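Each chain is listed here by its residues.
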Amino acid sequence: MQDDQGDPNVNNGDDVFVAPPDADGFDSVDLEPPPAWPKVVGIISIVMGALNECCGVLSGGMALAAPAMLRNAEQSGAMEGGFPPIVMNPPALNMALLAIGLGWAIVLIVAGVMTVSRKAQGRKLHLIWAAGAVVLTIASIYIQLQVQAEIAQWIQDNPDATFSQQQSQGGPIGMFIGIAIAVLLGFAWPAFCLLWFGVAKKRPEVGADETI
(Lines give C-alpha, C1' and ligand atoms only; values in the text may rest on other atoms or scores of the structure.)
Protein backbone atom coordinates (compact mmCIF):
# COMPACT_ATOMS: atom_id res chain seq x y z
CA MET A 1 0.00 0.00 0.00
CA GLN A 2 1.22 3.48 -0.87
CA ASP A 3 1.98 5.59 2.16
CA ASP A 4 -0.05 8.84 1.95
CA GLN A 5 1.07 10.23 5.26
CA GLY A 6 3.65 12.43 3.62
CA ASP A 7 1.13 14.03 1.23
CA PRO A 8 -0.26 17.23 2.83
CA ASN A 9 -3.20 17.21 0.40
CA VAL A 10 -4.60 13.88 1.52
CA ASN A 11 -7.08 13.85 4.39
CA ASN A 12 -6.25 10.93 6.69
CA GLY A 13 -9.19 11.51 8.93
CA ASP A 14 -7.90 14.68 10.46
CA ASP A 15 -10.06 17.79 10.72
CA VAL A 16 -7.62 19.99 8.82
CA PHE A 17 -7.57 19.86 5.05
CA VAL A 18 -4.94 21.74 3.09
CA ALA A 19 -6.18 22.81 -0.31
CA PRO A 20 -3.75 22.65 -3.22
CA PRO A 21 -2.44 25.98 -4.47
CA ASP A 22 -3.61 27.57 -7.67
CA ALA A 23 -1.85 27.01 -10.93
CA ASP A 24 0.22 30.16 -10.36
CA GLY A 25 1.22 29.04 -6.90
CA PHE A 26 -1.00 31.59 -5.12
CA ASP A 27 -4.47 31.38 -3.66
CA SER A 28 -7.15 33.44 -5.39
CA VAL A 29 -7.36 36.91 -3.85
CA ASP A 30 -9.76 39.63 -4.91
CA LEU A 31 -7.71 42.83 -5.10
CA GLU A 32 -9.50 46.15 -5.51
CA PRO A 33 -7.88 48.57 -7.93
CA PRO A 34 -6.14 51.52 -6.20
CA PRO A 35 -8.02 54.84 -6.21
CA ALA A 36 -7.39 56.92 -9.31
CA TRP A 37 -7.74 60.36 -7.71
CA PRO A 38 -4.12 60.69 -6.45
CA LYS A 39 -2.79 60.76 -10.00
CA VAL A 40 -5.47 63.19 -11.20
CA VAL A 41 -4.99 65.61 -8.31
CA GLY A 42 -1.21 65.28 -8.49
CA ILE A 43 -1.10 66.03 -12.21
CA ILE A 44 -3.30 69.11 -11.76
CA SER A 45 -0.99 70.33 -8.98
CA ILE A 46 2.05 69.86 -11.19
CA VAL A 47 0.39 71.81 -14.01
CA MET A 48 -0.78 74.58 -11.67
CA GLY A 49 2.66 74.82 -10.11
CA ALA A 50 4.30 75.08 -13.52
CA LEU A 51 1.83 77.79 -14.59
CA ASN A 52 2.43 79.74 -11.37
CA GLU A 53 6.17 79.46 -11.92
CA CYS A 54 5.90 80.76 -15.50
CA CYS A 55 3.55 83.59 -14.51
CA GLY A 56 5.83 84.57 -11.64
CA VAL A 57 8.89 84.69 -13.88
CA LEU A 58 7.04 86.78 -16.49
CA SER A 59 5.63 89.15 -13.86
CA GLY A 60 9.01 89.61 -12.25
CA GLY A 61 10.69 90.21 -15.59
CA MET A 62 8.09 92.78 -16.61
CA ALA A 63 8.34 94.55 -13.25
CA LEU A 64 12.10 94.84 -13.64
CA ALA A 65 12.02 95.90 -17.30
CA ALA A 66 9.03 98.27 -17.11
CA PRO A 67 10.82 101.31 -15.56
CA ALA A 68 13.46 101.43 -18.30
CA MET A 69 10.84 101.02 -21.02
CA LEU A 70 8.63 103.73 -19.57
CA ARG A 71 11.61 106.05 -19.13
CA ASN A 72 12.53 105.62 -22.80
CA ALA A 73 8.94 106.33 -23.83
CA GLU A 74 8.94 109.50 -21.73
CA GLN A 75 12.25 110.71 -23.14
CA SER A 76 11.11 110.07 -26.71
CA GLY A 77 8.05 112.26 -26.18
CA ALA A 78 5.58 109.47 -26.81
CA MET A 79 4.29 109.73 -23.24
CA GLU A 80 4.06 113.31 -22.02
CA GLY A 81 3.59 114.17 -18.38
CA GLY A 82 5.50 111.23 -16.95
CA PHE A 83 4.29 108.24 -14.96
CA PRO A 84 3.25 107.58 -11.38
CA PRO A 85 6.32 107.13 -9.17
CA ILE A 86 5.10 103.75 -7.95
CA VAL A 87 5.05 102.51 -11.54
CA MET A 88 8.63 103.62 -12.09
CA ASN A 89 9.75 102.11 -8.76
CA PRO A 90 7.73 98.98 -7.91
CA PRO A 91 7.36 98.34 -4.15
CA ALA A 92 10.10 96.15 -2.70
CA LEU A 93 7.48 94.10 -0.86
CA ASN A 94 5.79 93.29 -4.16
CA MET A 95 9.07 92.00 -5.60
CA ALA A 96 9.66 89.99 -2.43
CA LEU A 97 6.25 88.36 -2.76
CA LEU A 98 7.04 87.48 -6.37
CA ALA A 99 10.26 85.79 -5.28
CA ILE A 100 8.48 83.87 -2.51
CA GLY A 101 5.77 82.88 -4.97
CA LEU A 102 8.36 81.33 -7.27
CA GLY A 103 9.61 79.14 -4.47
CA TRP A 104 6.08 78.31 -3.35
CA ALA A 105 5.19 77.14 -6.86
CA ILE A 106 8.03 74.61 -6.62
CA VAL A 107 6.50 73.34 -3.37
CA LEU A 108 3.24 72.68 -5.23
CA ILE A 109 5.07 70.82 -7.99
CA VAL A 110 6.82 68.63 -5.43
CA ALA A 111 3.50 67.97 -3.67
CA GLY A 112 1.99 66.97 -7.00
CA VAL A 113 4.83 64.57 -7.77
CA MET A 114 4.49 62.97 -4.33
CA THR A 115 0.75 62.56 -4.79
CA VAL A 116 1.16 60.99 -8.23
CA SER A 117 3.65 58.60 -6.63
CA ARG A 118 1.03 57.82 -3.93
CA LYS A 119 3.21 59.12 -1.12
CA ALA A 120 1.30 60.14 2.00
CA GLN A 121 3.64 63.14 2.38
CA GLY A 122 1.93 64.62 -0.68
CA ARG A 123 -1.20 65.25 1.37
CA LYS A 124 0.68 67.08 4.12
CA LEU A 125 2.67 69.12 1.62
CA HIS A 126 -0.54 70.09 -0.21
CA LEU A 127 -2.05 71.37 3.04
CA ILE A 128 1.10 73.37 3.86
CA TRP A 129 1.23 74.81 0.35
CA ALA A 130 -2.48 75.71 0.32
CA ALA A 131 -2.29 77.57 3.63
CA GLY A 132 0.77 79.51 2.47
CA ALA A 133 -0.77 80.22 -0.93
CA VAL A 134 -3.83 81.81 0.69
CA VAL A 135 -1.62 84.08 2.79
CA LEU A 136 0.49 85.06 -0.22
CA THR A 137 -2.60 85.78 -2.31
CA ILE A 138 -4.17 87.97 0.35
CA ALA A 139 -0.92 89.91 0.78
CA SER A 140 -0.52 90.31 -2.99
CA ILE A 141 -4.09 91.58 -3.46
CA TYR A 142 -3.64 94.04 -0.59
CA ILE A 143 -0.46 95.45 -2.13
CA GLN A 144 -2.08 95.71 -5.56
CA LEU A 145 -5.00 97.63 -4.10
CA GLN A 146 -2.57 100.04 -2.48
CA VAL A 147 -0.70 100.44 -5.76
CA GLN A 148 -3.91 101.07 -7.69
CA ALA A 149 -5.04 103.63 -5.13
CA GLU A 150 -1.76 105.53 -5.47
CA ILE A 151 -1.98 105.40 -9.27
CA ALA A 152 -5.56 106.67 -9.16
CA GLN A 153 -4.51 109.59 -6.96
CA TRP A 154 -1.65 110.45 -9.33
CA ILE A 155 -4.03 110.37 -12.30
CA GLN A 156 -6.36 112.73 -10.46
CA ASP A 157 -3.48 115.12 -9.74
CA ASN A 158 -2.09 114.90 -13.31
CA PRO A 159 -5.11 114.72 -15.65
CA ASP A 160 -3.20 116.11 -18.66
CA ALA A 161 -0.55 113.40 -18.66
CA THR A 162 -0.72 110.91 -21.52
CA PHE A 163 -0.71 108.06 -19.02
CA SER A 164 -3.70 109.59 -17.21
CA GLN A 165 -5.68 109.98 -20.42
CA GLN A 166 -5.02 106.40 -21.46
CA GLN A 167 -6.06 105.07 -18.07
CA SER A 168 -9.20 107.22 -18.08
CA GLN A 169 -10.28 105.74 -21.39
CA GLY A 170 -9.96 102.21 -20.08
CA GLY A 171 -11.54 103.00 -16.74
CA PRO A 172 -11.22 100.64 -13.76
CA ILE A 173 -12.13 97.58 -15.83
CA GLY A 174 -8.53 96.45 -16.16
CA MET A 175 -8.00 96.67 -12.41
CA PHE A 176 -11.14 94.64 -11.69
CA ILE A 177 -10.16 92.01 -14.26
CA GLY A 178 -6.70 91.71 -12.73
CA ILE A 179 -8.10 91.31 -9.22
CA ALA A 180 -10.67 88.75 -10.41
CA ILE A 181 -7.94 86.68 -12.06
CA ALA A 182 -5.77 86.92 -8.95
CA VAL A 183 -8.66 85.74 -6.77
CA LEU A 184 -9.50 82.87 -9.12
CA LEU A 185 -5.95 81.61 -9.51
CA GLY A 186 -4.92 82.45 -5.97
CA PHE A 187 -7.83 80.90 -4.08
CA ALA A 188 -9.47 78.24 -6.27
CA TRP A 189 -6.88 75.45 -6.12
CA PRO A 190 -5.71 76.20 -2.55
CA ALA A 191 -9.33 76.06 -1.36
CA PHE A 192 -9.83 72.75 -3.14
CA CYS A 193 -6.67 71.30 -1.60
CA LEU A 194 -7.64 72.43 1.89
CA LEU A 195 -11.09 70.87 1.56
CA TRP A 196 -10.06 67.74 -0.31
CA PHE A 197 -6.98 66.78 1.68
CA GLY A 198 -8.46 68.03 4.95
CA VAL A 199 -11.56 65.84 4.65
CA ALA A 200 -9.71 63.02 2.86
CA LYS A 201 -7.67 62.36 5.98
CA LYS A 202 -10.48 60.04 7.06
CA ARG A 203 -10.21 57.92 3.93
CA PRO A 204 -8.25 54.67 4.16
CA GLU A 205 -6.22 55.39 1.05
CA VAL A 206 -5.07 58.70 2.52
CA GLY A 207 -4.58 57.65 6.11
CA ALA A 208 -1.71 55.30 5.35
CA ASP A 209 1.69 56.33 6.58
CA GLU A 210 3.59 55.68 3.36
CA THR A 211 1.25 55.37 0.38
CA ILE A 212 -2.16 56.55 -0.82
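For the structure, see preceding data.
Only a predicted model underlies this, so the values are computations on that prediction, with no experimental measurement involved. (Residues numbered from 1 in each chain as written. Predicted model: local features only at pLDDT ≥ 70, side-chain atom pairs only at ≥ 80, totals over all residues. Heavy atoms only, no water.)

### Notes on the nonpolar core
As a reminder of what qualifies: Here, nonpolar core means buried Ala, Val, Leu, Ile, Met, Phe, Trp, Tyr and Cys residues that are tied together by side-chain atoms lying within 4.5 Å of each other. The rule is simple: take the accessible area with a 1.4 Å probe, protein chains only, and divide by the maximum for that residue type; under 20% is buried, over 50% is exposed, in between is partly exposed. By the criteria applied, helices consist of DSSP H or I runs no shorter than four residues and strands consist of E runs no shorter than two, each listed in order from the N terminus. The contact definition used throughout considers only heavy atoms, calling two residues in contact when any of these lie within 4.5 Å.
Within the largest apolar cluster, 13 residues are counted, with the highest numbers of intra-cluster contacts made by M79, F83, V147, I151, W154, I155 and F163. At the level of secondary structure, the elements contributing two or more residues to this core comprise helix 2 (85-88) and helix 4 (121-157). The element that contributes the greatest number of residues to this core is helix 4, accounting for five residues. Residues in contact with I151, not counting those within four places in the same chain, are P84, I86, V87 and F163. Counting 10 residues, the second largest nonpolar core, distinct from the first, contains M48, A130, C193 and F197.

### Comments concerning the side chain of S164
Structurally, the position occupied by S164 is in helix 5 (residues 162-170). When sequence neighbours within four positions are dropped, the list of residues in contact with S164 reads W154, I155, N158 and P159.

### What about the environment of M95?
Following the sequence through the fold, M95 ends up in helix 3 (residues 92-116). Measuring from C-alpha to C-alpha, the distance between M95 and A63 comes to 8.1 Å, with 32 residues separating the pair along the chain.

### Comments concerning the packing of aromatic side chains
What counts, and what does not: Stacked, tilted and edge-to-face are the three classes applied to pairs of Phe, Tyr and Trp rings, where Trp contributes its six-membered ring and a pair requires centres within 6.5 Å; stacked means planes under 30 degrees apart, edge-to-face means over 60, and tilted covers the rest.
Scanning the model with the defined rule gives six aromatic pairs in all. Both rings, one in W37 and one in W196, keep their centres 5.3 Å apart while their planes meet at 75°; by these two values the pair is edge-to-face. One end of the pair, W37, is in helix 1 (residues 37-75); the other, W196, is in helix 6 (residues 173-199), and 159 residues separate them in sequence. Judged by its relative accessible area of 23%, W196 falls in the partly exposed class. Ring geometry for W189 and F192: centres 4.7 Å apart, planes at 20°, overall stacked. Highlighted residues: W189 and F192, both in helix 6, separated by three residues, approximately one helical turn.

### Describing the side chain of T137
Within the secondary structure layout, T137 lies in helix 4. Owing to a relative accessible area of 11%, T137 belongs among the buried residues under this scheme. Apart from residues no more than four positions distant in its own chain, T137 is found in contact with A182, G186 and F187.

### Overview of the environment of A130
Among the structural elements, A130 can be located in helix 4. C-alpha of A130 to C-alpha of F192: the two residues are 62 residues apart in sequence and 8.6 Å apart in space. Dropping the residues within four chain positions of it, A130 is found in contact with P190, C193 and L194.

### Details of the packing of helix 3 against helix 4
Relative placement of two packed helices is described by the angle separating their axes and the distance separating the axes. The condition is simple: Lines fitted to C-alpha atoms define the axes here, with helix axes fitted over just the stretch in contact, and angles between the N-to-C directions of these axes take values from 0 to 180 degrees. Angles are sorted into four bins: roughly parallel if under 35 degrees, roughly antiparallel if over 145, roughly perpendicular if 65 to 115, and oblique for all others. Put simply, a crossing is left-handed when the front helix is turned counterclockwise from the back one by less than a right angle, and right-handed when it is turned clockwise. The residue classification treats Ala, Val, Leu, Ile, Met, Phe, Trp, Tyr, Cys and Pro as nonpolar and Asp, Glu, Lys and Arg as charged. All others, Gly included, are polar.
Look at helix 3 against helix 4: their axes get within 9 Å of each other, and the N-to-C directions meet at 160°. Taken together, helix 3 and helix 4 sit at an angle that is classed as roughly antiparallel. Crossing hand, helix 3 versus helix 4: left-handed. Looking at the contact of helix 3 with helix 4, its residues break down into 16 nonpolar, 10 polar and no charged.

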